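Summary of structural features
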Amino acid sequence: DKRKAQDGSPIDTVAEVATGAGRLTVVLVCRSDHAGALAEHAVLSRLVPAATVLVGTPTAAELRRAVEQPAARAGLVPDVGLADALVDDAGAEPGALPLLSTCLRELYEQRSGRTLTRASYAATGGLRAAVARVAERAYTSLPEPDQQAARVLLLRLAGAGSGDAVTRRQAP
């Protein structure tokens, strides 16, 4: 068998829990470019194919529901046009949901009573600015030696793209 031996790694723990007799449901989320690693795992290679659900890039209508429905369940009211602005800014990017999640958390923190305001969204710079602020807060909360280590790591994970674009890459 060409599959890797189990070595006590976190993925082994997931496999152990998934095959346990307890009343626990395991939800494993894996980007498609990493799915091949699951095939190399003796236990997960048998479990994952039977229970795989492929989730594509959300449509604009799905993104709108991802904004409006949780807000309604929490008793919050988005300003008119806020959901449209969020969906338009998110575009059709594969990473739209984490971007929205980060931005919505910030809008929640700046809400006016029960209202998520479009003014707060505009004042904070929109979707990408929210992510940049969260990242900056996380970075600046680190002690100086950890900031230096984080900087080295983050620069290894990003490469120069064309023009002003930055591209992701795997660290060697």
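First, a word on what this report is: a plain description of the structure on this page. (Residues numbered from 1 in each chain as written. Predicted model: local features only at pLDDT ≥ 70, side-chain atom pairs only at ≥ 80, totals over all residues. Heavy atoms only, no water.)

1. A look at the environment of serine 45
The condition is simple: A helix here means a DSSP run of H or I that spans at least four residues, while a strand means a run of E at least two residues long, and both kinds are numbered starting from the N terminus. For each residue, the accessible area found with a 1.4 Å probe, counting protein chains only, is set against the maximum for its type, and the residue is called buried under 20%, exposed over 50%, and partly exposed in between. Counting of polar contacts relies on pairs of N or O atoms within 3.5 Å, with two restrictions inside protein: one atom must be capable of donating a hydrogen and the other of accepting it, and residues adjacent in sequence are counted only when both atoms are side-chain atoms.
Inspection of the secondary structure assignment puts serine 45 in helix 3 (residues 44-47). Note on serine 45: relative accessible area 15%, which makes it buried. A polar side-chain atom of serine 45 sits 3.1 Å from the main-chain carbonyl oxygen of alanine 42.

2. A few points about the side chain of glutamate 106
Filter applied, for reference: Any two residues whose heavy atoms approach within 4.5 Å are treated as being in contact.
With respect to the helices and strands, the residue glutamate 106 is situated in helix 6 (residues 96-109). Residue contacts for glutamate 106: discarding those within four places in its chain leaves Ala130, Arg133, Val134 and Arg137.

3. Some remarks on the pattern of salt bridges
We count it as follows: Salt-bridge detection follows one rule: a side-chain nitrogen of Lys or Arg within 4 Å of a carboxyl oxygen of Asp or Glu.
Under the counting rule described, the total for this entry stands at 4 salt bridges. For arginine 64, the salt bridge is made with aspartate 84, and the minimal N-O distance between the two is 2.3 Å. Taken together, the residues arginine 64 in helix 4 (residues 60-73) and aspartate 84 in helix 5 (residues 82-90) connect sequence positions 20 residues apart. Across the pair glutamate 106 and arginine 137 runs a salt bridge, and its minimum N-O distance is 2.8 Å. A residue pair is termed long-range when its members are at least 10 positions apart, and glutamate 106 in helix 6 and arginine 137 in helix 8 (residues 126-140) qualify at 31 residues. Using a relative accessible area of 4% as the deciding quantity, one classes glutamate 106 as buried. Sharing partners across several salt bridges, the network here consists of Glu106, Arg133 and Arg137.

4. Considerations on helix 6
Formally: Multiplying 1.5 Å by the helix residue count minus one yields the expected span of that helix.
The end-to-end C-alpha separation of helix 6 is 20 Å, in line with the 20 Å expected for 14 residues at 1.5 Å each. For helix 6, the complete set of buried residues consists of Ala96, Leu99, Leu100, Thr102, Cys103, Leu104, Glu106 and Leu107. The elements touched by buried residues of helix 6 are helix 4, helix 5, strand 2 (115-116), helix 7 (118-123) and helix 8.

5. Some details on the environment of cysteine 30
Along the chain, cysteine 30 turns up in the loop between helix 1 (10-18) and helix 2 (35-39). Since its relative accessible area comes to 34%, cysteine 30 is described here as partly exposed. Linking cysteine 30 and leucine 54, residues 24 residues apart in sequence, is a C-alpha distance of 9.8 Å. Residues in contact with cysteine 30, not counting those within four places in the same chain, are Ala35 and Leu38.

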